[in-house]
Amino acid sequence: HHCWGYGEENGPSDWYKDYSLANGDRQSPIDIQSEQTVYNSSLKPIWVSYDACTSLSICNNGHSVMVEYEDCDDKTVIRGGPLEFPYRLKQFHFHWGGKDSRGSEHTVNGKSYPGELHLVHWNAAKYKSFDEAASAPDGLAVLGVFLETGEKHSVLHRLTDALYMVRFKETKAQFKDFNPSGLLPDCLDYWTYRGSLTTPPLHESVTWLMLKEPLYLSEKQMEKFRTLFFSGEEEGLRTRMMDNFRPPQPLKGRTVEASFR
Ligand SMILES: Oc1ccc(S)c(O)c1
Ligand SMILES: [Zn+2]
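The paragraphs below set out a description of the structure included in this document. (Residues numbered from 1 in each chain as written. Chains lettered and ligands numbered in written order. Predicted model: local features only at pLDDT ≥ 70, side-chain atom pairs only at ≥ 80, totals over all residues. Heavy atoms only, no water.)

### A word on the nonpolar core
Phase 1: Counting residues in hydrophobic clusters, the biggest one holds 46 residues, and the most contacted among them are I58, V65, F92, F94, L117, L143 and L159.
Phase 2: Secondary-structure elements contributing two or more residues to this core are β5 (65–69), β7 (87–96), β9 (115–122), β10 (140–149), α2 (154–160), β13 (206–211), β14 (215–217) and α3 (219–225).
Phase 3: When residues in this core are grouped by element, the largest group, five residues, is from β7.
Phase 4: Sequence-distant contacts of L117, defined by excluding residues within four places in its chain, comprise F92, H93, F94, L143, G144, V145, L147, L183 and L215.
Phase 5: I30, V120, A134 and F260 belong to the second-largest nonpolar core, a separate cluster that totals 23 residues. (Core = buried A, V, L, I, M, F, W, Y, C linked by side-chain atoms within 4.5 Å. Buried < 20%, exposed > 50% of the residue type's maximum accessible area, 1.4 Å probe, protein only. Helix = DSSP H or I, 4+ residues; strand = E, 2+ residues; numbered from the N terminus. Contact = heavy atoms within 4.5 Å.)

### Some details on the site of ligand 1
Phase 1: Around ligand 1, the neighbouring residues are Q91, H93, H95, H118, V120, F130, V142, L197, T198, T199 and W208.
Phase 2: Burial of ligand 1 by the surrounding chains reaches 90%, relative to a free accessible area of 280 Å².
Phase 3: At the level of elements, β7 and β9 are the ones that each hand at least two residues to the shell around ligand 1.
Phase 4: Examining the composition of the shell around ligand 1, we find that three residues originate from one element, β7, more than from any other. (Near = heavy atom within 4 Å. Areas by Shrake-Rupley, 256 points an atom, 1.4 Å probe, with all protein chains shown as cover.)

### Topic: the packing of aromatic side chains
Phase 1: Scanning the entire structure with this criterion turns up 13 aromatic pairs.
Phase 2: Ring plane angle 50° and centroid distance 4.9 Å describe the contact between F94 and F225, whose orientation is recorded as tilted. Linking F94 in strand β7 with F225 in helix α3, this pair joins segments that are 131 residues apart in sequence.
Phase 3: Relative accessible area serves as the criterion here: at 1%, F94 is assigned to the buried category.
Phase 4: By the ring-pair criterion, three or more aromatic residues cluster together here, those being Y69, F92, F94, W96, F175, F178 and F225.
Phase 5: Its end group placed over the ring of F175, R158 keeps NZ or CZ at 4.5 Å from the ring centre.
Phase 6: In this structure, R238 packs its charged tip against the face of F229, placed 5.9 Å from the ring centre. (Phe/Tyr/Trp six-rings, centres within 6.5 Å; stacked < 30°, edge-to-face > 60°. Lys NZ or Arg CZ within 6 Å of the ring centre and 35° of its normal.)

### With respect to the coordination of the zinc ion (ligand 2)
Phase 1: Protein ligation of the zinc ion (ligand 2) involves H93 (NE2), H95 (NE2) and H118 (ND1), the donor distances falling in the range 2.0 to 2.1 Å.
Phase 2: Each of the four donor atoms around the zinc ion (ligand 2) contributes to a set of angles spanning 96 to 120°, which defines the coordination as tetrahedral.
Phase 3: Read in sequence order, the donor residues coordinating the zinc ion (ligand 2) give the pattern H-x1-H-x22-H. Highlighted residues: H95 in strand β7 and H118 in strand β9, separated in sequence by 23 residues. Accessibility assignment for this pair places H95 and H118 in one class, buried. (Donors = N, O, S within 2.8 Å, 3.2 Å for Na, K, Ca; no water. Tetrahedral: all angles 85-135°; square planar, octahedral: opposite > 155°, others 65-115°.)

Geometry only, nothing functional implied.
Below is the structure:
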């Protein structure tokens, strides 16, 4: 049994063999065709309350680099938008390319960005655990932010400077007091649609909130993501962690709503 990944033999086009949801009706990511989105004036602004957040650790799980949060109470939540409940921050992670012309999962009018940040939240008002929420249709809310190269990002710099500690699969390091609201752009205009995890098991449990404005980071910061490895330190063949993105999936009649004109 070989594990899923992003390689020739175990990549996104093979996932359906082990994960039947791969061909489901609400899969992610998608191409956001801005002219086809529907402006919904009753969508509320996104309300991010991360000030009392407790980050725990940064880890390389063999698919991405992830920062995990203490999620035992509602001190770090996202509210508003299309959401009926507050959703609790569990972790954030990234997807990126081997070069700047690719790397994001969502695309906008066919344009890929160099990468994409996913802030993953779960509906603790309705479900007892993240795992239970992760397979429920209204269980998760993921705030997605495109990465675009430009000026160095000073808040992100603390993270990119820590990547050397988690170069290999299954490595973890302490990463305290990191408030991810510092990663968000000034403008919180967003597109929203009902979708899924973009990695196996591809649960169709995600209300997606994709910000229109990207996070800008320097080319050197981008390059630091590409120094990570998919493989463990003991493994002979060291494969660099890059192109860990799933391509856009069929919309299957879904409507993408916009919070802005
Ligand atoms: O819990 C999650 C894992 C992976 C991905 S891509 C998500 O969006 C949520
Ligand atoms: Zn993701």
